[in-house]
Amino acid sequence: MLTVAFAATVAACSSTGNGNTDVNTPSDPQAQVLAVTPVGSPGQPLTASSGLTAAQRTVIRDEVAWRAAWVSIWQNLSPQPELPAVDFAQEMIVVAALGERGSGGFSIVIDSASRTPTGATVVVHVTSPGANCMNTMAITAPVDVARVPRVTGTVTFRERTSVSDCR
């Protein structure tokens, strides 16, 4: 129910950006765009009420870490959704958690990824509710999870922020 209310609130609001560059165009001219495949619904967080109460950005490259992360994400839900299969020889998982928030209206989505000479850059879009937004007063902990082609090297995260304008 909380997820439905959260999704309805996000859908009813428009976002105003902070002036960052187009996230679908890598800022490094040597960067190559990587496919980002959401584990949940495209353009929406995987869940608004995860068990991840602290903000985090994580790259997962093996089954053991993937299973542990999945259990942590869904620790507040029983039964937990089935663990999606991942071919870690070809893919890696990226997790972006916003951390605990005192109300609804917050969102986090993995927007894009690009291969760089030293690894990859992942762009995460964080949306906060504006002053005119009506939000649930429940504690939320939004998280998004996506599959990205496996890369070696360092994965860095870049954050893009916006505030919903719910007029």
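Values in this document were obtained by computation on a predicted structure and should not be read as measured data. Residue positions are given per chain, counting from 1 as you read along its sequence in written order. Whole-chain, interface and lining totals are the exception, using all residues; otherwise, since this is a predicted model, local features are given only for residues with pLDDT of at least 70 and side-chain atom pairs are given and counted only at 80 or more. Side-chain measures were taken over the full set of non-hydrogen atoms in the model, leaving aside hydrogen atoms and water.

**Observations concerning the overall build of the chain**
Test applied: Helix and strand definitions follow DSSP, with helices as H or I runs of at least four residues and strands as E runs of at least two, each counted in order from the N terminus. Buried, partly exposed and exposed residues are distinguished by accessible area as a fraction of the type maximum, computed with a 1.4 Å probe on protein chains only: under 20%, between the cut-offs, and over 50%, respectively. For this analysis, residues touch if any pair of their heavy atoms sits within 4.5 Å. Residue exposure ignores everything except the shown protein chains as possible cover, and the areas themselves are Shrake-Rupley values with a 1.4 Å probe.
Helices and strands together make up the secondary structure of the chain, namely two helices and nine strands. Counting the 167 residues in the chain, one finds 41% classified as buried. Of all intrachain contacts in the chain linking residues separated by at least 6 positions in sequence, the fraction that spans at least 24 positions is 82%. Total accessible area computed for the chain in this model is approximately 8,500 Å², and 53% of it derives from carbon and sulfur atoms.

**Some points on the packing of aromatic side chains**
The geometry of an aromatic ring pair is captured by the separation of the ring centres together with the interplanar angle, meaning the angle of the planes. Spelled out, the test is: Pairs were defined over the aromatic rings of Phe, Tyr and Trp, the Trp ring being its six-membered one, requiring ring centres within 6.5 Å. Orientation was assigned from the angle between planes: stacked under 30 degrees, edge-to-face over 60, tilted for the rest. Geometrically, a lysine NZ or arginine CZ counts as sitting over a ring once it is within 6 Å of the ring centre and also within 35 degrees of the ring normal.
Taken as a whole and judged by the stated rule, the model has two aromatic pairs. Of the aromatic side chains, those joined through ring pairs into one cluster are Trp66, Trp70 and Trp74. A cation sits over an aromatic face here: arginine 101 above phenylalanine 106, 5.6 Å from the ring centre.

**Re the pairing of strand E7 (residues 119–128)**
Regular strands show a simple pattern: their side chains alternate between the two faces of the sheet. Counted only if it meets this: For two strands to be treated as a pair, DSSP must find no fewer than two bridges joining them.
Along E7, nine of the ten residues are buried, which leaves the element largely enclosed by surrounding structure. Where strand E6 (residues 107–116) hands over to E7, the hairpin turn is made up of two residues, counted between the paired strands. Here E7 runs beside strand E9 (residues 154–165); their pairing, made up of ten bridges, is parallel. Along E9, the bridge assignment pairs threonine 127 with serine 162.

**Concerning the sheet that holds strand E8 (residues 143–149)**
The sheet built from four strands is open, its strands ordered E3-E8-E5-E4 with antiparallel pairing. At either end of the open sheet lies a strand with only one pairing partner, and these are strand E3 (37–38) and strand E4 (56–60).

**Focus on the state of the cysteines**
The following threshold applies: Throughout, a disulfide means two cysteine sulfur atoms within 2.5 Å of one another.
Under the criterion given, the structure shown has one disulfide. Covalently, cysteine 133 is tied to cysteine 166 through a disulfide, its sulfur atoms 2.1 Å apart. Sign of the S-S torsion, about 75 degrees for the bond between cysteine 133 and cysteine 166, identifies this disulfide as right-handed. Placement of the pair is cysteine 133 in the loop between E7 and E8 and cysteine 166 in the segment after E9, with a sequence separation of 33 residues. When sorted by exposure, cysteine 133 lands in the same class as cysteine 166, which is buried.

**Section: the pattern of salt bridges**
The criterion, for reference: Between Lys or Arg on one side and Asp or Glu on the other, a salt bridge is scored when a side-chain nitrogen of the former is within 4 Å of a carboxyl oxygen of the latter.
In this structure the tally under the stated criterion is four salt bridges. Between glutamate 63 and arginine 67 there is a salt bridge, and its shortest N-O distance comes to 3.5 Å. You can see glutamate 63 and its partner arginine 67 sitting in helix H2 (residues 63–73), four residues apart, about one turn around the helix. The partner of arginine 147 in a salt bridge is glutamate 91, and the shortest N-O contact between them spans 3.1 Å.

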